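Overview (structure and organization)
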Amino acid sequence: MAYDTLIIGAGMSGLAAGIRLAQFDRRVLVLERHSLWGGLNSFYKLKGRPFDSGLHALTNFVPKGTAGVPLTRALRQLRIGYDELKLGQQGHSEIRFDGRLLKFTNQPEVFFGEVAREFPEEIDGLRRMVHEFAPYDAVSIENADSSAREQLQRYVRAPELIEILMLPTCIYGSAREDDLDWDQFQILFRALFLEGFSRPEGGVRTLLDLLVKRFRKVGGELRMNSGVQSILVRKGTAIGVRLDSGEELLAERVFSSAGHAETLRLIHGQDNSEHRAAGDASAGAARLSFFEAISVLDTLPANLGIDSAVTFFNHGQEFRYRRPKTPIDVQSGVICSPNNFERCELSEGFVRFTALANHAHWRNLPEPEYVAQKQICADQMLASATAAMPALGAIGAHSLMRDTFTPRTIEHYTGHVGGAVYGSPVKCRDGRLGVERLALIGTDQGMLGIVGALLSGITIANQQALMEAAR
Amino acid sequence: MTQDEVVTAIKDIIAQIAPDEDLSSLEMDVRLREQIELDSMDFLDIVMELRKLYGVQVPEKDYMELATLGGCVKYLHPLLEKKSLHCAQRA
Ligand SMILES: Cc1cc2nc3c(=O)[nH]c(=O)nc-3n(C[C@H](O)[C@H](O)[C@H](O)COP(=O)(O)OP(=O)(O)OC[C@H]3O[C@@H](n4cnc5c(N)ncnc54)[C@H](O)[C@@H]3O)c2cc1C
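Scoring rules and cut-offs
Residues numbered from 1 in each chain as written. Chains lettered and ligands numbered in written order. Predicted model: local features only at pLDDT ≥ 70, side-chain atom pairs only at ≥ 80, totals over all residues. Heavy atoms only, no water. Near = heavy atom within 4 Å. Polar contact = N/O pair within 3.5 Å; in protein donor to acceptor, adjacent residues only side chain to side chain. Areas by Shrake-Rupley, 256 points an atom, 1.4 Å probe, with all protein chains shown as cover. Helix = DSSP H or I, 4+ residues; strand = E, 2+ residues; numbered from the N terminus. Nonpolar A, V, L, I, M, F, W, Y, C, P; charged D, E, K, R; others polar. Domains from an automatic or database assignment. 1 Å grid on protein atoms, 1.4 Å probe; cavity = no way out; pocket = protein on both sides within 12 Å on 5 of 7 lines; lining within 4 Å. Points joined across faces, edges and corners; volume = space filled by probe spheres on them. Phe/Tyr/Trp six-rings, centres within 6.5 Å; stacked < 30°, edge-to-face > 60°. Buried < 20%, exposed > 50% of the residue type's maximum accessible area, 1.4 Å probe, protein only. Pairing = 2+ DSSP bridges. Axes fitted to C-alpha atoms, helices over the stretch in contact; angles between N-to-C directions. Contact = heavy atoms within 4.5 Å. Buried area = accessible area lost by both parts, 1.4 Å probe. Salt bridge = Lys/Arg side-chain N within 4 Å of Asp/Glu carboxyl O. pLDDT = per-residue confidence, 0-100.

All names here are of chain A. Near the ligand there are 34 residues, and of these Ser 13, Glu 32, His 56, Val 228 and His 416 occur at the shortest range. One of the backbone nitrogen or oxygen atoms of His 56 is found 2.7 Å away from an oxygen atom of the ligand. Within the complex, the protein chains bury 96% of what would otherwise be the 1000 Å² of accessible surface of the ligand. Those elements that place two or more of their residues in the shell around the ligand are helix 1 (12-23), helix 13 (407-414) and helix 14 (449-470). Here the element with the most residues in the shell around the ligand is helix 14; it accounts for three residues. The class makeup of the residues in the shell around the ligand is 14 nonpolar, 17 polar and three charged. When residues of the shell around the ligand are assigned to domains, at least three fall in each of domain 1 (2-55 + 203-282 + 426-470) and domain 2 (88-200 + 287-413).

Structure (structure tokens):
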């Protein structure tokens, strides 16, 4: 029996698109290669402990009842109640930039106050920037790309403050080296500083359980361990997919969350070098990936004086956001503790460290060296983070275990070439790939993070399937 | 469906879409968007639910007719007159 829509990938965007369509009685099947859903933001167990693979913080926090903003819009479209997410807010987060410390919370005035203290001549410019941000609706699909670094100079004169603003926005969402698109900067600045951070009690699993439960309840089908080997195209129109097992499934329409270049490969095949060259050029190869180490402690981080939810740090006056020549680049990074959110259920302490990493380096390491290198890099990262945040010096004595993952891990579990977390630098805003009845959803459609990926699935499902029927 | 039942049907759909809104004191002739938070994505959902529950097609050019509860009754009553009210379950 043919499906109305086949969706490649059970990440945030695939599940969200699936819910929208199944909710209105479409016959939908989500196909996932991995044995677990979640994609870039999944979860796993190690030595009996629950780990989140991606979650630092759910961005875009707003109080219940706030209208017309990404988080509540997404929940409403998916018919998931705000209270069901069990959001716990951050206490505060920090930017530690070359000796300066700026705190921020879910109250934007706190951040503005910090900027006013550190850069008194710049605060008016920063406020004017926020005032001139385009409304949410305008920053959506059809915006031309332009450089945030250039645009920021219209409002901010101190080069150091520009670097300070680039640090968290790039690390939490830029697929471009040393810059990000101006519209993406606006989205991220809002998501981080005007809205803020929270964490579902129970971690990302709470959100994923809600999505999967809802999808099944409205009649959607979810198949795990079912990788899509290729997308079947006839006369320029997608008609279905072929699975790794050889099984073929037919549908009216295919959505792919596999990524831009990855989806082109599903259409044209690995071996078709002509198409692949064209595909890679137009999609833009992803260059940025991350290394992460997660330490489990026998005490809560706050007991050691580590009380920030998320800390972005950088040593030196310049923030480098590019693929490092070394395995990882510890000049900058992120330190994150789920324990420092309200409602956190974890009885042990968790501290996560993230830094830019070079995918090719990790991919090519033979296994014993790979394992050894992970430990070396995790130690380097801790040393660098401790230089920025001295309280971290105490965690060695309290460490129960440590897990690490690399760009290779990300590529293995999500299929994103190069271990890309934010996808290709060239976004495909309308989701169209030149094949009829095929649309791209997720990160490479240009919406960022968890909330962005949900909205991407929702928006494309609305525009390319539901509105068409309403016309 | 009577005209009152059309109002009930619409309110029931809005309650599915926007469970946190208070619908008890909605005015008939004031735009819904001015009384509760509904954006264009939500209007799409109202139309989709009408189609799903009652088989009624509202073309995009007619969305404006649904701006107020009074407008909904005027536009939808002729289409729903012969159908019976059944409330959307929270699917
Ligand atoms: C370490 C890390 C930390 C992060 N931290 C945060 C955070 O704190 N806050 C935040 O908002 N965001 C965070 N993100 C980003 C967030 O996880 C992503 O933006 C979001 O999950 C992307 O969802 P997606 O649906 O676009 O893609 P994906 O999650 O990648 O979904 C794609 C799915 O498709 C599957 N797939 C691919 N190819 C095939 C195929 N051929 N056949 C079948 N299935 C296939 C993959 O296995 C995957 O499950 C983080 C990401 C990482 C990696």
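Before going further, it helps to examine the layout of surface pockets. Estimates place the volume of the second largest pocket at around 370 Å³. For the lining of the second largest pocket, the secondary structure elements donating two or more residues are helix 2 (70-78) of chain A together with helix 3 (40-54) of chain B. Of the residues in the lining of the second largest pocket, the class split is nine nonpolar, six polar and ten charged.

With that out of the way, let us pick up the packing of aromatic side chains. Remark: the centre distance and the inter-plane angle together describe each pair of aromatic rings, the angle taken between the planes. All names here are of chain A. Applying the stated criterion across every chain, the model contains 19 aromatic pairs over all chains. Look at Tyr 155 and Trp 182: their rings are 6.3 Å apart centre to centre, the planes differ by 15 degrees, and that puts the pair in the stacked class. With a gap of 27 residues between them, Tyr 155 in the loop between helix 5 (148-152) and helix 6 (159-171) and Trp 182 in helix 7 (residues 182-195) connect regions that are remote in the sequence. Plain terms: the ring middles of Phe 291 and Trp 362 are 5.3 Å apart, the flat faces sit at 20 degrees to each other, and that makes the pair stacked. Residue Phe 291 is located in strand 13 (residues 289-297), and its partner Trp 362 is located in helix 11 (residues 359-364); the two are separated by 71 residues in the primary sequence. Just as Phe 291 is buried, Trp 362 falls in that class too. Among the aromatic residues, those joined into a cluster by ring pairs are Phe 104, Phe 111, Phe 133, Tyr 155, Tyr 172, Trp 182, Phe 185, Phe 189, Phe 193, Phe 197 and Phe 312.

Our next topic: the sheet that holds strand 7 (residues 100-104) of chain A. All names here are of chain A. Strand order in the open sheet made by the seven strands is 7-6-14-15-16-13-17, with mixed pairing throughout. Across the chains shown, the open sheet's two edge strands, defined by having one partner strand only, are strand 7 and strand 17 (399-405). Taking each pair of neighbouring strands and ignoring which way they run, the sheet shows an average axis angle of 20 degrees. Relative to strand 17, strand 13 is paired through six bridges, and the arrangement is antiparallel. Looking across to strand 17, one finds that Glu 292 is bridged to Phe 405.

Time to look at the interface of chain B and chain A. If you look at the interface, chain B gives 23 residues, while chain A gives 26 residues. Taken over both partners, the interface formed by chain B and chain A buries close to 2000 Å², and the fraction arising from carbon and sulfur atoms is 49%. In this structure, the connection of chain B to chain A is made through six salt bridges. Summed over the shared surface of chain B and chain A, the number is nine residue pairs in polar contact (both at pLDDT 80 or more). For the side of chain B that touches chain A, the elements supplying multiple residues, two or more each, are helix 1 (3-17) and helix 3 of chain B. Residue contributions to the side of chain B that touches chain A peak at eight residues, all from helix 3 of chain B. Considering only residue class, the side of chain B that touches chain A consists of ten nonpolar, two polar and eleven charged.

Now for the pairing of strand 12 (residues 248-256) of chain A. All names here are of chain A. As paired elements, strand 1 (residues 3-8) and strand 12 share five bridges and run parallel to each other. Looking at strand 12, one finds that Tyr 3 is bridged to Ala 251. Taken together, strand 11 (residues 237-243) and the strand that follows it, strand 12, pair antiparallel across an intervening segment of four residues, in which Gly 246 is found at a positive phi of about 100 degrees.

Turning our attention to the confidence of the model for chain B. Model confidence for chain B is summarised by a mean pLDDT of 90, while 96% of its residues fall at 70 or above. Within chain B, helix 4 (residues 69-80) of chain B carries the highest mean pLDDT (96), whereas helix 3 of chain B carries the lowest (92).

Here we come to the pairing of strand 6 (residues 93-97) of chain A. All names here are of chain A. For strand 6, a buried count of five out of five residues is recorded, marking the element as mostly surrounded by other parts of the structure. Pairing geometry for strand 6 and strand 7, over five bridges, is antiparallel. For Ile 95, the partnering residue across the bridge sits in strand 7 and is Leu 102. Linking strand 6 back to strand 7 in an antiparallel pair, the connection comprises two residues, with Asp 98 at a positive phi of about 50 degrees. By the bridge criterion, four bridges tie strand 6 to strand 14 (residues 310-314) in an arrangement that is parallel. Bridged to Ile 95 within strand 14 is Phe 312.

Attention shifts here to the domain arrangement of chain A. Residue and element names in this part refer to chain A. Annotation of chain A at the domain level lists domain 1 (2-55 + 203-282 + 426-470) and domain 2 (88-200 + 287-413). Of note, the centres of domain 1 and domain 2, computed from C-alpha atoms alone, are 28 Å apart. Counting from both sides, the interface comprises 22 residues of domain 1 and, opposite them, 25 residues of domain 2. Across the interface of domain 1 and domain 2, roughly 1900 Å² is buried in total on both sides, 58% from carbon and sulfur atoms. The three residues of domain 1 that bury the most area against domain 2 are Arg 49, Arg 429 and Leu 448, which together make up 34% of that side's buried surface. In this assembly, domain 1 and domain 2 are joined by three salt bridges.

The tally for this structure, following the rule as stated, stands at 39 salt bridges over all chains. Its salt-bridge partner being B:Asp45, residue A:Arg79 comes within 3.1 Å of it at the nearest N-O pair. With one member in each of two chains, A:Arg79 in the loop between helix 2 and strand 5 (87-89) and B:Asp45 in helix 3 form a pair that bridges those chains. The exposure class assigned to A:Arg79 is buried, which follows from its relative accessible area of 9%. A:Asp183 is paired through a salt bridge with A:Arg429; the nearest N and O atoms lie 2.7 Å apart. Note that A:Asp183 is positioned in helix 7 and A:Arg429 in the loop between helix 13 and strand 18 (438-440), a separation of 246 residues in sequence. According to the relative accessible area criterion, A:Arg429 is buried, its value standing at 12%. Shared partners join several salt bridges into a network, and the residues in it are A:Arg100, A:Glu114, A:Arg117, A:Glu118 and A:Glu160.

In this section: the side chain of A:Thr206. With respect to the element layout, A:Thr206 can be found in helix 8 (residues 204-217). Ignoring anything within four residues of it in the chain, the contact list for A:Thr206 reads A:Glu84, A:Leu85, A:Pro200 and A:Glu201.

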